[in-house]
Amino acid sequence: MYWFLLFLGVVAVWLLVLALLARRLWGQTKALTRELVTAQSKLDDALSQTGPAGPGQDARARA
């Protein structure tokens, strides 16, 4: 009986550790996704300001 309770305790500790790691990973994933969305919107804004041809197209068209 003692070994069974010890086994259950070890399993409980491992589950707690795995839950904490999953929570931390979820938080990092959310933060990374938020940064990627921000960077993508900034890139889209920059591309929309340069126009459909892009910044280097006018120089090549004049040459």
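Everything below is about the structure printed above this text.
Residues numbered from 1 in each chain as written. Predicted model: local features only at pLDDT ≥ 70, side-chain atom pairs only at ≥ 80, totals over all residues. Heavy atoms only, no water.

(A) Just the overall build of the protein chain, in detail. Along the backbone of the protein chain there are two helices and zero strands. In the protein chain, which comprises 63 residues, the proportion classed as buried is 2%. (Helix = DSSP H or I, 4+ residues; strand = E, 2+ residues; numbered from the N terminus. Buried < 20%, exposed > 50% of the residue type's maximum accessible area, 1.4 Å probe, protein only.)

(B) Focus on the packing of aromatic side chains. One pass over the structure, following the stated rule, counts one aromatic pair. On the numbers, 5.6 Å between centres and 70 degrees between planes, the contact of Tyr 2 with Trp 3 is edge-to-face. Of the two residues, Tyr 2 and Trp 3, both sit in the exposed class. (Phe/Tyr/Trp six-rings, centres within 6.5 Å; stacked < 30°, edge-to-face > 60°.)

Keep in mind these values describe shape, not function.
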